Amino acid sequence: MRPLSWFKQLPLTIRVPVIVISLMVAISAAISERVLDRLAKTQESFLEELASSHVDAIAASILPSVLREDSWEIFDTLERMRPSKASILPVETVVATPSNIVLASDQPQRRETLTPLATEFLDQFTMSGFRMDGDKGLAYHTRKIDYQGQTIGTVFSLFDASPLLAERRQVLLALLLTNVALTMVLGLIGFVAVRRMIRPMQVLESHMIDAASGKSTPIGDEEMPRADQEARRMYRAFNAFVRVEQDRKRLSRQLAEEEKLASLGRVASGMAHEINNPLGGLMNAVDTLRRHGDKANVRSQSLDLIQRGLQGIGDVVQAALATYRPERLSRPFSARDIEDLKLLLGPELRQKNQRIETVCADNIAGPEASVPAGPVRQAILNLLLNAAAATPEGGTIRLIAERMDGELRIAVLDEGGGMPAEARTMLTGLDPRGSAPSTKGLGLWVVRQVADELGAAITVTRLIPAGTRIEFRVPLTLEQELTDAA
Amino acid sequence: MRRFRVISGQEETVLQSGSARFRLTRRAVLAGAIGQTALFAAPALAQQDKPISFGLTPVFLDNDLELLDALQAYLRQATGHPIELVSRRTYQEVTALLVSGQLDAAWICGYPYIQFRDELELVAVPEWNGKPLYQSYIIVGASRQVESVADLKDDIHAFSDPDSNSGYLVTRALLHELGTSPDRFFRKTMFTYGHRNVIRAVGSGLAQSGSVDGYVWEVMRELEPDLVERTNVIRKSEWLGFPPIATSRQYFGKPAIKALKRSFLAMHASEQGRHVLRLLKLTSFADPDEKWFDGIAAKVAALRGEL
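Note that the structure is predicted; figures quoted are calculated from it, not measured.

Focus: the overall build of chain A
In step 1: When its secondary structure is counted, chain A shows 12 helices and 12 strands.
In step 2: The buried share of chain A, reckoned over its 486 residues, is 41%.
In step 3: The long-range share in chain A, meaning contacts at least 24 apart out of those at least 6 apart in sequence, stands at 63%.
In step 4: A total accessible area of about 26800 Å² is found for chain A, and carbon and sulfur atoms account for 57% of it.

Laid out in structure tokens, this is it:
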């Protein structure tokens, strides 16, 4: 992982202060570098001036003694001119002849009188005059002593530059401490300021995360920042969006309910037929009983007829109740439900002179694991109604139910002209809540709601030459859980 | 070249500048005025107003202002004359002033006294440890191991003054006895114009050996032990006449000189005088005997023809 992407993952409240601190550190480092550089130059020229005037004074004072090569007087002068103030500290001063023979040193023990100067000593000095060695904390100064146009000697002076270097270190330390303190204070201020600034964003973020998980709530007045106009505008926009979303959901639920009622209406009119058909026979039987009820065989035949008719009516009513009051149906889905669905679809089929073929595997209602009957019946009924609507007059609708790989697979096949893209998206699209349902596709939207609820998968396949296969695959749940859920 | 010497000779000749001399003189005059009116009420003789000019050479601890003040105050009080202390860098200058009569008296070295014996008279001779005698020392750096004077061959050698007995003549005579001379025996010689300077030159290592007044070396061992400890004495000469106070023959019988002589000889008798003696680390001043200087005279005689 690149450091930058790692950094980008940090919260804004940390990122911004870190950037502020980094900038502060960079700026203070640059400024400190400039200050120290200037200080070093100032100190060096200060020391050079001081050293220069000191050596000039020595050269002027000892000139006659150098002319006479009077070692004692040179030594005496050097001793008396040794400065006592701390701003300049000569370590050693040596006066030599032009051929670098020591005339006198203020450290005679180290630099014996009338001996040649060591090459290592001479190499430390530059002929140009002043040189500073920061590592050793020493400064070197040479000065020719000229008399009547001739060089009669040289003054070599070594200065202790360590007080200046110590001062430089102190300045560096002071700069460092000041900068660290300033950076920390400013970083803290930055942190607090950024926190305050982005708090509205965090409120918005948490509300948006809630909204994404389906629990959208508007931002309350108590969270509304008083001074921040920008945030208030944003919050108001978010709240408007939440209200629109909530309205849309309510509308969707309402529409689904209406669709349920509409399909119920369609089924009810069919059911009226189912009930009406035996009613004629029942009335005839009742009439027959009234007229020939004394004949035992007639009475027995009529009662049989009445019983069968009432049985048929009872079945239809039971199926309708089971479908539209699913809360009463917490048992597992079984082959009986397939039969009920056929029964409910009957009137619709007869209207268009259609047939239904069902293939139902024996094991779909296994004892150990199953799927809940209520929602699955609702979804499959809607698929069947949709298939009946799509299939032309005299066509065939197929229903295949089987159990495979821990799933209940129910496929509905029609002979229609293919599913519109909009309807297909509603069934199989990524966003379950996207694409608001129109009145037209409400049946399929309900199928999708059920599928999401049960964790079921839907696949839509185009059939050749005509037709669509919609497969509804529900993962099986353990019997125990199913009962508990109910 | 001579005018440059003023700069480098400041330490030795603290009273050299006109202003310093004036300062001391004025102080002496003030003190004298108070003394005359309040303490003594002595008869103000016209003659006594004439100042006595007294020359000093670096034979003794001449860098001590307190000593100079005390000596001046004592002599002024004891003689009744204003005292003008005159200091010069070299023996030669003071001797010249004394011989030519420009100074009434001076504290000089035994060697110039012998040189100008015909023109000078002794006034008093200091007594150190009860004797009017002192020695010349040859010193080397404390860290140096030296058996004899012969080991000093090719040294850089520090002398005090070419007219000093202990700081030049004694060593020169010694080398003469050894059949050589300073210029041949030493690699280089230097004159530091002060016995304290000889100790400084040898102590610091600027010179490897030096010839110094034994009295100054011994006294400084108490006063500045840090400086003196850096030197070791490798040879002490025989006892020789202590640097005397002398006057020119022409002034010898004069009342001012007589008063001066009385003052020196009576120094140990008064508290003020004893204070001066304590500062000088001397016992007293004695009535001089020329014989005390025979040793120096013998050396001058031995070197006759070379000097």
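Let's talk about empty space enclosed by the protein
To find leftover empty space, a probe the size of one water molecule is rolled over the atoms.
In step 1: Per the stated rule, a full pass over the model turns up 2 cavities of 30 Å³ or more.
In step 2: For the lining of the second largest cavity, the residue count by class is 5 nonpolar, 2 polar and 2 charged.

Examining the packing of helix α2 (residues 12-67) of chain A against helix α3 (residues 71-80) of chain A
Residues and elements named next belong to chain A.
In step 1: At a closest axis distance of 8 Å, the pairing of α2 and α3 adopts a crossing angle of 165 degrees. It follows that α2 is roughly antiparallel to α3 by the angle criterion. The two elements α2 and α3 meet at a crossing, and its hand is right-handed. Residues Ile58, Ser61, Ile62, Ser65 and Val66 of α2 lie in contact with α3, whose contacting residues are Glu73, Ile74, Thr77 and Leu78.
In step 2: Among the residues making up the contact of α2 with α3, the classes are represented as 5 nonpolar, 3 polar and 1 charged.

With respect to the interface of chain A and chain B
In step 1: The interface is formed by 18 residues belonging to chain A together with 22 residues belonging to chain B.
In step 2: Buried surface at the junction of chain A and chain B, both sides included, amounts to about 1900 Å², of which 54% is carbon and sulfur.
In step 3: In this assembly, chain A and chain B are joined by 4 salt bridges.
In step 4: In this structure, Glu73 of chain A engages Arg89 of chain B in a salt bridge whose closest nitrogen and oxygen atoms are separated by 2.2 Å.
In step 5: At the boundary of chain A and chain B, one finds 8 residue pairs in polar contact (both at pLDDT 80 or more).
In step 6: Mapped onto the side of chain A that touches chain B, the elements with two or more residues apiece are α2, α3 and β2 (102-105) of chain A.
In step 7: The element contributing the most residues to the side of chain A that touches chain B is α3 of chain A, with 7 residues.
In step 8: Residues of the side of chain A that touches chain B, tallied by class, amount to 7 nonpolar, 4 polar and 7 charged.

Description of the environment of Ser270 of chain B
In step 1: Note on placement: Ser270 of chain B falls in the loop between α11 (255-265) and α12 (271-280).
In step 2: A sequence separation of 196 residues divides Ser270 of chain B from Tyr74 of chain B, and the C-alpha atoms of the two residues are 9.4 Å apart.

Brief notes about the pairing of strand β5 (residues 150-160) of chain A
In step 1: Most of β5 of chain A is tucked away, with 8 of its 11 residues classed as buried.
In step 2: Hairpin remark: strand β4 (residues 138-147) of chain A followed by β5 of chain A, antiparallel, with 2 residues in the connecting loop; positive phi at Gln148 of chain A, about 50 degrees.

So, how was this worked out
- Residues numbered from 1 in each chain as written.
- Chains lettered and ligands numbered in written order.
- Predicted model: local features only at pLDDT ≥ 70, side-chain atom pairs only at ≥ 80, totals over all residues.
- Heavy atoms only, no water.
- Helix = DSSP H or I, 4+ residues; strand = E, 2+ residues; numbered from the N terminus.
- Buried < 20%, exposed > 50% of the residue type's maximum accessible area, 1.4 Å probe, protein only.
- Contact = heavy atoms within 4.5 Å.
- Areas by Shrake-Rupley, 256 points an atom, 1.4 Å probe, with all protein chains shown as cover.
- 1 Å grid on protein atoms, 1.4 Å probe; cavity = no way out; pocket = protein on both sides within 12 Å on 5 of 7 lines; lining within 4 Å.
- Points joined across faces, edges and corners; volume = space filled by probe spheres on them.
- Nonpolar A, V, L, I, M, F, W, Y, C, P; charged D, E, K, R; others polar.
- Axes fitted to C-alpha atoms, helices over the stretch in contact; angles between N-to-C directions.
- Parallel < 35°, antiparallel > 145°, perpendicular 65-115°, else oblique.
- Left-handed = near helix turned anticlockwise from the far one by under 90°.
- Buried area = accessible area lost by both parts, 1.4 Å probe.
- Salt bridge = Lys/Arg side-chain N within 4 Å of Asp/Glu carboxyl O.
- Polar contact = N/O pair within 3.5 Å; in protein donor to acceptor, adjacent residues only side chain to side chain.
- Pairing = 2+ DSSP bridges.

Worth remembering: the numbers are spatial, not functional.
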